[in-house]
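Observations on the model geometry
In case you want the letters, here they are:
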Amino acid sequence: LDNVYQRHASEDSWQAYAKSDMSVTLQDDIQAIGSAQMSRLIVPRDDPNGIDGLHPASYRDYEANGGLVLGGTGRDHVTVTAGFDRQAYDPVPGLLGTIDTTERDRDEIYPVVRVDHGFFDQQKIFAELRINDRPYARAVDNAGFHRSNAGGEADAGVVWDINGLYLASLTVGYQHQAYDDPRLGIVDTPVARLALTWNPTRLTSVTGTFLHEYIEDIFGTSPGYVHDQFELHVDHELRRNILVSADFSDLPVSSSPTRP
């Protein structure tokens, strides 16, 4: 499960991402918000035999959501949103012909309720509840499993400013997913996210993020896996309206399939 194969010299791929956000103040304490985004992403190939594909699988992700912020953007406010997300995989060429990857295609509908309570400056606590329903395009995949599922995640966290130099955010919660196929069972797992932003200068910010979460993926007889991952993001303002960014994300520190 943790094998890493040498990459073929002829193997390459590209990713793209575009997003648009909007917000409109309806009244002093009511704000309408929304966003839409499109992505082309890559699933690295984990087997070099050619039967499972001659290059990494790629997929397109479309997401849109909208809602209301009640209480404006003051210290205390409630955000209620609903969204739709669609993942559609591209066919993969293999040694035995084109591989049908539509078994991975799925939609997701999710309502989200978040409550924020601020103290002063950037200090605050928050709680969030997200419910999801994830029907797959094919009721039964190639292995004979029903992948459609429903569940949710409940989180609580805190944001605090440390001496004006660091901004830390800690989130802890719990994920629950119930699958239509009893062989995949029910997944219950804790969630943790820790982010620390450091501003060494007025023009530079460095953010490190640690994630512990459950990722849904077609993984043999398992519905997905739990992993730990570290991410690093750096922003530097060269001049007004010109921002240079750099990102780093390691391979999962540890990953293990989730068994029913």
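1. With respect to the packing of aromatic side chains
- Within the structure shown, the criterion is met by one aromatic pair.
- Taking the ring centre of Phe126 as reference, the NZ or CZ of Arg114 above it sits at 4.1 Å.

2. A word on the pattern of salt bridges
- Summed over all chains, the structure comprises 18 salt bridges.
- With a shortest N-O distance of 3.1 Å, Arg60 and Asp90 are connected by a salt bridge. Placement of the pair is Arg60 in strand E3 (residues 57-70) and Asp90 in the loop between strand E4 (76-89) and strand E5 (92-94), with a sequence separation of 30 residues.
- Relative accessible area serves as the criterion here: at 18%, Asp90 is assigned to the buried category.
- For the salt bridge of Asp181 with Arg183, the shortest nitrogen-to-oxygen distance reads 2.8 Å.
- Accessibility expressed as a relative area gives 2% for Asp181, which makes it buried.

3. Structural notes on unusual backbone geometry
- In the Ramachandran plot, Asn163 falls in the positive-phi region, its phi being about 60 degrees despite a non-glycine side chain.
- Along the chain, the position of Asn163 falls in the loop between strand E9 (149-162) and strand E10 (166-179).
- Backbone geometry at Asn241 places phi at a positive 70 degrees, although glycine is not the residue there.

About the thresholds
In every chain, residue numbers begin from 1 and rise along the written sequence. Per-residue local features of the predicted model are confined to residues with pLDDT of at least 70, and side-chain atom pairs are confined, for both listing and counting, to 80 or more; whole-chain, interface and lining totals are unaffected and use all residues. With hydrogens and water set aside, each side-chain value is computed from the structure's full complement of heavy atoms. For this analysis, a ring pair means two rings from Phe, Tyr or Trp (six-membered ring only for Trp) whose centres lie within 6.5 Å, classed as stacked if their planes differ by under 30 degrees, edge-to-face if by over 60, and tilted for the remaining angles. Geometrically, a lysine NZ or arginine CZ counts as sitting over a ring once it is within 6 Å of the ring centre and also within 35 degrees of the ring normal. When a carboxyl oxygen of Asp or Glu lies within 4 Å of a side-chain nitrogen of Lys or Arg, that pair is called a salt bridge. A run of DSSP states H or I qualifies as a helix once it reaches four residues; a run of E qualifies as a strand once it reaches two. Both are numbered from the N-terminal end. Partly exposed describes any residue whose relative accessible area lies between the buried limit of under 20% and the exposed limit of over 50%, with all areas from a 1.4 Å probe on protein chains only and scaled to the type maximum.

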